[in-house]
Amino acid sequence: SQAPVATNSAAIINSIIAKYTNGRFHPDFGQDYQLASNPLYGIPYNVVHGNSTPTNQVVIDAYPDQSDLVDAPIPTNAVIEGDTQNGLTVGLDNRGDSHLLIWDEDNNVAYEFYRASRPSENTNGMWHADQESVWDMKTNGFRPLGWTSVDAAGLPILPGLARPDEALPTSQGGQGIIRHALRFTLPNAVILNQYLYPASHTANPGNSSRSVQPPMGARFRLKASVDISLLNPQSKVVAQALKDYGLIVADNGSAFYLTGASHSVGVTNQWVLTWNDDDIQDTAHGLKSLLFTNFEVVDLGPTVTNVSSTQAGAGASVTISGRNFSGAAGRLSVWFGSNQVP
């Protein structure tokens, strides 16, 4: 929330509007009515106990050289993006991106798969996917530079989802606050073919207009001046997170589509909470009341605000203060002239 506005923020927003008009912000998730015929809306996730859940080998078909080839604790009732609310959608091509997200609660590790397919859908009777990314949530580690993940930007999906267990007010069973940035998409035509930490991958060949195109991993923010006081309760919590932590360009897709999990699950992977469509999809007081012009691009480059000593002898300890030092995903370095220091 304290990061400066990027110098080309207005140019980027105006470029998007020139191509797609000043459209409405789109929550790409919603209420699940738990009807077997209804598809899941959003990207679901699964919770397992890794210390007791058997692991499965997953055959990686498309990107094995940019995948974490490890066995994963896949629950027997695993839900994949594109499934129906109370049943399976058979056929990989019938499920779209077919993301499979698993969080191991015992070890705080996330396993994420792109275009996952079940053993019953494969002739060899094994799980398959196009890509596998494993995220140890206890560390500050990211993908090797140049590597993709199940997202085009090389980012994890799970921690970027808007989830009802966080966003629902406490009176509705949620936490009433989101303390992290959220994942969103922009069309391929407006994303620069570069990446910004902690992103690690590009997917927009030919896009080189740095002045009007944000890179993969760019951070957007709902402007502080936007009045959210009259928003519906659930929408207000999400909107506050858009001011405090912002949005990360994670993938190619529709303009300003915010990704979420349509329902939250408990420790036994059972259904717990879902959203209220009348709240978040409302064009007057919901998230859809927000417009593209309500957002800005922020500059998360590291900035030095103070150095503890202006003069010191060799070997002295110097404290450098500033902001956004963590934005380089652990790859920040400090130099005095031509000397790199620890």
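Everything numeric here is computed off the predicted structure, so don't read it as measured data.

Peer 1: In this structure, what is going on with the pattern of salt bridges? I would like to understand it.
Peer 2: Two side chains bearing opposite charge may form a pair once their charged atoms approach each other closely. What the rule picks out here adds up to 11 salt bridges. The shortest N-O distance in the salt bridge between Glu 121 and Arg 95 comes to 2.7 Å. Residue Glu 121 is found in the loop between β5 (109-114) and β6 (127-129), and its partner Arg 95 is found in the loop between β3 (58-60) and β4 (100-104); the two are separated by 26 residues along the sequence. Since its relative accessible area comes to 4%, Arg 95 is described here as buried. Residue Glu 296 pairs with Arg 221 through a salt bridge whose shortest N-O separation is 2.9 Å. In this pair, Glu 296 is assigned in strand β16 (residues 295-297) and Arg 221 in strand β11 (residues 219-222), connecting sequence segments 75 residues apart.

Peer 1: I tried to follow unusual backbone geometry on my own but got confused; where do I start?
Peer 2: Across the chain, the bulk of peptide bonds are trans and the bulk of non-glycine residues have phi less than zero. Residue Pro 198 is bonded to the preceding Tyr 197 through a cis peptide linkage, with omega at 5°. Here Pro 198 is to be found in the loop between β9 (192-195) and β10 (215-216). Phi at Thr 21 takes a positive value of approximately 65°, unusual for a residue other than glycine. Turning to its location among the elements, Thr 21 is positioned in the loop between α1 (9-20) and β1 (26-28). The phi dihedral of Asn 324 is positive, around 65°, even though this residue is not glycine. Inspection of the secondary structure puts Asn 324 in the loop between β18 (320-323) and β19 (334-336).

Peer 1: Just checking my understanding: could you explain the nonpolar core for this structure?
Peer 2: Within soluble globular proteins, side chains that are nonpolar generally end up buried alongside one another. In terms of nonpolar packing, the biggest core is built from 48 residues, with Phe 25, Leu 186, Phe 220, Val 238, Leu 242, Leu 247 and Phe 256 touching the most fellow members. At five residues, the largest contribution of residues to this core is made by helix α3 (residues 233-244). Within the second largest apolar cluster, 15 residues are counted, among which are Val 58, Ile 74, Ala 116 and Ala 129.

Peer 1: I tried to follow the sheet that holds strand β7 (residues 131-136) on my own but got confused; where do I start?
Peer 2: The strands that make up a sheet pair up through hydrogen bonds in the backbone, lying either parallel or antiparallel. One open sheet accounts for four strands, arranged β2-β4-β5-β7; its pairing is mixed. Of all strands in the sheet, those with a lone pairing partner are β2 (46-48) and β7, marking the two edges. Geometrically, the sheet is characterised by an average inter-axis angle of 20° between neighbouring strands, direction not taken into account. Taken together, the five bridges between β4 and β5 define a ladder with antiparallel strand orientation. Across the sheet, residue Leu 101 finds its bridge partner in β5, namely Glu 112.

Peer 1: Looking at this model, I keep getting lost on α3. Mind explaining?
Peer 2: Given 3.6 residues per helical turn, the α-helix brings residues three or four places apart onto the same face. End to end, α3 covers 17 Å across 12 residues, agreeing with the expected 16 Å (1.5 Å per residue, within 8%). Taken together, the buried positions of α3 are occupied by Gln 234, Ser 235, Val 237, Val 238, Ala 239, Ala 241, Leu 242 and Lys 243. The positive-phi residue at the C-terminal boundary of α3 is Gly 246, with phi of around 80°.

Peer 1: What is the right way to read the environment of Ser 321 from this model?
Peer 2: Take Ser 321: it is sitting in strand β18. According to the relative accessible area criterion, Ser 321 is partly exposed, its value standing at 29%. A C-alpha to C-alpha distance of 5.9 Å links Ser 321 and Val 304, two positions 17 residues apart in sequence.

Peer 1: Looking at this model, I keep getting lost on the packing of aromatic side chains. Mind explaining?
Peer 2: The relative placement of two aromatic rings is captured by the distance of their centres and the angle of their planes. All chains considered together, the criterion is met by seven aromatic pairs. With 5.3 Å between their ring centres and 40° between their planes, Phe 256 and Phe 295 make a pair best called tilted. Remark: Phe 295 occurs in strand β16 and Phe 256 occurs in the loop between β12 (247-252) and β13 (257-259); sequence separation between them is 39 residues. Judged by its relative accessible area of 0%, Phe 256 falls in the buried class. Directly above the aromatic system of Trp 135 lies the positively charged group of Arg 143, at a separation of 5.8 Å from the ring centroid.

Thresholds applied
- Residues numbered from 1 in each chain as written.
- Predicted model: local features only at pLDDT ≥ 70, side-chain atom pairs only at ≥ 80, totals over all residues.
- Heavy atoms only, no water.
- Salt bridge = Lys/Arg side-chain N within 4 Å of Asp/Glu carboxyl O.
- Helix = DSSP H or I, 4+ residues; strand = E, 2+ residues; numbered from the N terminus.
- Buried < 20%, exposed > 50% of the residue type's maximum accessible area, 1.4 Å probe, protein only.
- Core = buried A, V, L, I, M, F, W, Y, C linked by side-chain atoms within 4.5 Å.
- Pairing = 2+ DSSP bridges.
- Axes fitted to C-alpha atoms, helices over the stretch in contact; angles between N-to-C directions.
- Expected span 1.5 Å × (residues − 1).
- Phe/Tyr/Trp six-rings, centres within 6.5 Å; stacked < 30°, edge-to-face > 60°.
- Lys NZ or Arg CZ within 6 Å of the ring centre and 35° of its normal.

Nothing here speaks to function; it is geometry throughout.
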